[in-house]
Amino acid sequence: MAETILEVKHLRTYFYPNGAKGPELRAVDDLSYEVHEGECVAIIGESGSGKSVEALSILRLIPCPPGIIMGGEILFHGKDLLKMTDEEIRQVRGSKISMIFQEPSTALNPVVTIGKQICETLRVHRGMTKKEAMEMAIQLLDRVNIPNAAQRVKQYPFEFSGGMQQRAMIAMAMACNPDVLIADEPTTALDVTVQAQVLEELNKMRKETNTALIIITHNLGVVARYADSVKIVYGGKIVESGTPHDVFEEPRHPYTLGLIRAVPRLDLPKSSGLSAIEGEPPDMSKIPPDCCAFYSRCKYCTDICKTARPEERAVDGSATHICACFHMNQTQAEREALMEINRKSLEFSKEAET
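Parameters at a glance
- Residues numbered from 1 in each chain as written.
- Predicted model: local features only at pLDDT ≥ 70, side-chain atom pairs only at ≥ 80, totals over all residues.
- Heavy atoms only, no water.
- Helix = DSSP H or I, 4+ residues; strand = E, 2+ residues; numbered from the N terminus.
- Buried < 20%, exposed > 50% of the residue type's maximum accessible area, 1.4 Å probe, protein only.
- Lys, Arg positive; Asp, Glu negative; His and termini not counted.
- Salt bridge = Lys/Arg side-chain N within 4 Å of Asp/Glu carboxyl O.
- Polar contact = N/O pair within 3.5 Å; in protein donor to acceptor, adjacent residues only side chain to side chain.
- Contact = heavy atoms within 4.5 Å.
- 1 Å grid on protein atoms, 1.4 Å probe; cavity = no way out; pocket = protein on both sides within 12 Å on 5 of 7 lines; lining within 4 Å.
- Points joined across faces, edges and corners; volume = space filled by probe spheres on them.
- Nonpolar A, V, L, I, M, F, W, Y, C, P; charged D, E, K, R; others polar.
- Pairing = 2+ DSSP bridges.
- Axes fitted to C-alpha atoms, helices over the stretch in contact; angles between N-to-C directions.

Caption draft 1: Layout of the side chain of Asp80. Structurally, Asp80 can be placed in strand β5 (residues 79-80). The charged side chain of Asp80 is buried without a salt bridge, its nearest counter-charge being Lys83 at 4.4 Å. Within the structure, the side chain of Asp80 is placed 3.0 Å from the backbone nitrogen of Leu82, a separation counted as a polar contact. Contact partners of Asp80, with chain neighbours within four places excluded, come to Gly72, Glu73, Ile74 and Leu75.

Caption draft 2: Structural context of empty space enclosed by the protein. The full count for this structure, using the stated rule, is two cavities of 30 Å³ or more. Size it by volume and the largest cavity reaches roughly 140 Å³. As for the largest cavity, its lining consists of 17 residues, of which Lys237, Cys291, Cys292, Ala293 and Arg309 are closest to the centre. Listing elements by their share of the lining of the largest cavity, those giving two or more residues are β2 (25-36) and β10 (237-242). The residue inventory of the lining of the largest cavity, partitioned by class, reads 12 nonpolar, one polar and four charged. What the second largest cavity holds in volume is close to 60 Å³.

Caption draft 3: Inspection of the layout of surface pockets at higher detail. For the largest pocket, the calculated volume is near 550 Å³. Looking at the lining of the largest pocket, the elements that each hand over two or more residues are β6 (97-100), α4 (114-126) and α7 (162-173). With five residues, α4 is the largest single contributor of residues to the lining of the largest pocket. Roughly 460 Å³ of internal volume is contained in the second largest pocket. Around the second largest pocket, the lining comprises 17 residues; the ones closest to its centre are Glu34, Ser229, Lys231, Ala319 and Thr320. Mapped onto the lining of the second largest pocket, the elements with two or more residues apiece are β2, β9 (229-234) and β10. For the lining of the second largest pocket, the element with the highest residue contribution is β2, accounting for four residues. Along the lines of polarity and charge, the residues of the lining of the second largest pocket split into five nonpolar, seven polar and five charged.

Caption draft 4: Expanded view of the sheet that holds β9. The strand order β6-β7-β8-β3-β9-β10-β12-β11 describes an open sheet built from eight strands, whose pairing is mixed. If you trace the sheet from one side to the other, it starts and ends with β6 and β11 (313-314), each paired once. As judged from the five bridges shared by β9 and β10, these two strands associate in the antiparallel manner. Following the sheet pairing, Val230 is matched in β10 by Gly242. The strands that α7 touches are β6 and β7 (180-184); relative to β6, the one it contacts most, it runs at about 175 degrees.

Bear in mind that shape data such as this cannot, by itself, settle questions of function.
This is the structure we're talking about:
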């Protein structure tokens, strides 16, 4: 197995929007996982589940106040990022661990040219001269398939389309060949064609440089195509994890089943309708810490779900498939129903072709 380069252990990041005397909002609550060299890890969950906060915690970019990393460890090559000095963590950001932020239009500085923004990373972390950095910036833009790169480096972000802005962010993030690249919703607000192009660029650069890629997304199609490992996050905690086959072919957690059912299916007749997860994402300032955060939306809920927190357990002795649910062995009928839907969709697709 490839070397483990990043370990997140029992991470807890809380927010205090009303100050120290107000209620705590447990955005990330006892979250743990590993990332191996060259691996693509997908972190999936709906808005408010804690995905982005977890990523920002890795780079210690949580605004304080109101946020604070309460505990846990983030081991990068065995060194705890949470114990590093401010200067030490600055040397890691952008150089060893890079991040593509969710909205490139707001992440890029609107009054600085694209070339200068890429050059800043190269000059700070690689000690290049202005001329060397600009030459490298042109090569990086060309590498992510931006046409006329020598001219484009002189332009401002507003002169780039959404897809080109995202490509520029990828070029900036990969400038120092980081060990870990975090992509937070890298295809937000992009049309389907551009989404595919951006994801192909990310995957190609990952393979060329052997960089570990963490994709934060709610797009299950992205995960099925590119990920080596999948983490389903709910209420600031991983509730199910495994390979794409484990999670999509043998889902056990009711939330995972709900996410899969909620994917719109163009290969089914209109009479099939749309499926949704009932209820709303939990307010983690009101949910008790010693319970399952999903209990209010779960049809399998019993009293134990409201009074105890389920621990992660291996599914049927699997070495890769983990689930945190008291009732994960009671979802067999629902899994079989999903498989039946897949069978019917395949038959419908074949009929449409003929």
